[in-house]
Amino acid sequence: WFGKAFWLYRLFWILWLFWLIKGAKHSEKYQKYIGKVLRIGVALERLVFFALFFVLLVHVCTCFWVFIGFLEDSPDNWIYSKFYQDYSDTDLYIASFYFVVTTIATVGYGDITANTTWEKLFCIFIMLLGVTSFSFATGSLSSLMSSLDSISAKLKRKLNILD
């Protein structure tokens with residue numbers, strides 16, 4: 001009974017994180033305020049907020065991966081098949097974090113694998129999330145670089161005029 005209550009407690013925290021993500025809808029006014037205070041460009045703002053959101057998302061996915069592992073008591077799930085059932089919560093979180101990061105980065109070494117249907121469905125979601133995230137990050141970085149190039153070109157033009 002205590003184990004199920006503990007997982008309900010963790011589920012509560014996961015739902016709280018989703019509530020925080022829902023609050024991110026109002027992030028535009030915070031972005032504008034931070035942009036004015038720090039005097040950074042829009043592309044860098046997007047990249048910083050994406051990085052913060054990405055870290056939060058990896059944490060939530062890590063918690064869900066552990067939750068899915070304990071959801072079924074079958075010997076096929078990732079926790080029992082790799083003998084992680086005796087690990088401490090911290091070590092289990094680290095193993096789950098490692099799996100989520102390697103899956104999102106599309107490396108996937110194969111030392112921790114999805115065996116059950118729920119695990120495979122979750123992995124499909126994580127892989128799609130990884131491809132989308134890296135596409136967005138690449139676009140933001142290229143936008144940032146092009147804006148830095150245009151600022152540098154304007155500065156050179158003004159220096160040439162002064163000369």
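### What about the overall build of the protein chain?
Okay, so step 1: When its secondary structure is counted, the protein chain shows 6 helices and 0 strands.
Okay, so step 2: Each helix and strand of the protein chain, ordered N terminal to C terminal, gives the series α-α-α-α-α-α.
Okay, so step 3: In the protein chain, once contacts between residues fewer than 6 apart in sequence are set aside, the share between residues at least 24 apart is 70%.
Okay, so step 4: For the protein chain, the accessible area works out to roughly 11500 Å², and carbon and sulfur atoms hold 69% of it.

### So, the packing of aromatic side chains
Okay, so step 1: Enumeration over the complete set of coordinates arrives at 12 aromatic pairs.
Okay, so step 2: Members of the aromatic cluster, joined through ring pairs, are Phe64, Trp65, Trp78, Tyr84, Tyr87, Phe99, Phe122 and Phe125.

### A few points about the nonpolar core
Okay, so step 1: With 19 residues, the main nonpolar core has Trp65, Trp78, Tyr84, Val100 and Ile112 as its most contacted residues.
Okay, so step 2: Those elements that place two or more of their residues in this core are α3 (42-71), α4 (78-81), α5 (89-104) and α6 (117-162).
Okay, so step 3: At 6 residues, the largest contribution of residues to this core is made by α3.
Okay, so step 4: Sequence-distant contacts of Trp78, that is, excluding residues within four places in its chain, are made with Trp65, Val66, Gly69, Tyr84, Leu92, Ser96, Ile112, Thr113, Asn115 and Glu119.

### Observations concerning the environment of Thr138
Okay, so step 1: Note on placement: Thr138 falls in helix α6.
Okay, so step 2: Expressed as a C-alpha distance, the spacing of Thr138 and Leu47, which sit 91 residues apart in the sequence, is 9.6 Å.

### Topic: the state of the cysteines
Each disulfide is one covalent bond, formed between the sulfur atoms of two cysteines.
Okay, so step 1: Taken as a whole and judged by the stated rule, the model has 0 disulfides.
Okay, so step 2: Left unpaired, Cys61 is separated from the closest cysteine sulfur, that of Cys63, by 9.4 Å.

Conventions we followed
Residues numbered from 1 in each chain as written. Predicted model: local features only at pLDDT ≥ 70, side-chain atom pairs only at ≥ 80, totals over all residues. Heavy atoms only, no water. Helix = DSSP H or I, 4+ residues; strand = E, 2+ residues; numbered from the N terminus. Contact = heavy atoms within 4.5 Å. Areas by Shrake-Rupley, 256 points an atom, 1.4 Å probe, with all protein chains shown as cover. Phe/Tyr/Trp six-rings, centres within 6.5 Å; stacked < 30°, edge-to-face > 60°. Core = buried A, V, L, I, M, F, W, Y, C linked by side-chain atoms within 4.5 Å. Buried < 20%, exposed > 50% of the residue type's maximum accessible area, 1.4 Å probe, protein only. Disulfide = S-S within 2.5 Å.

So yeah, pure geometry; function would need other evidence.
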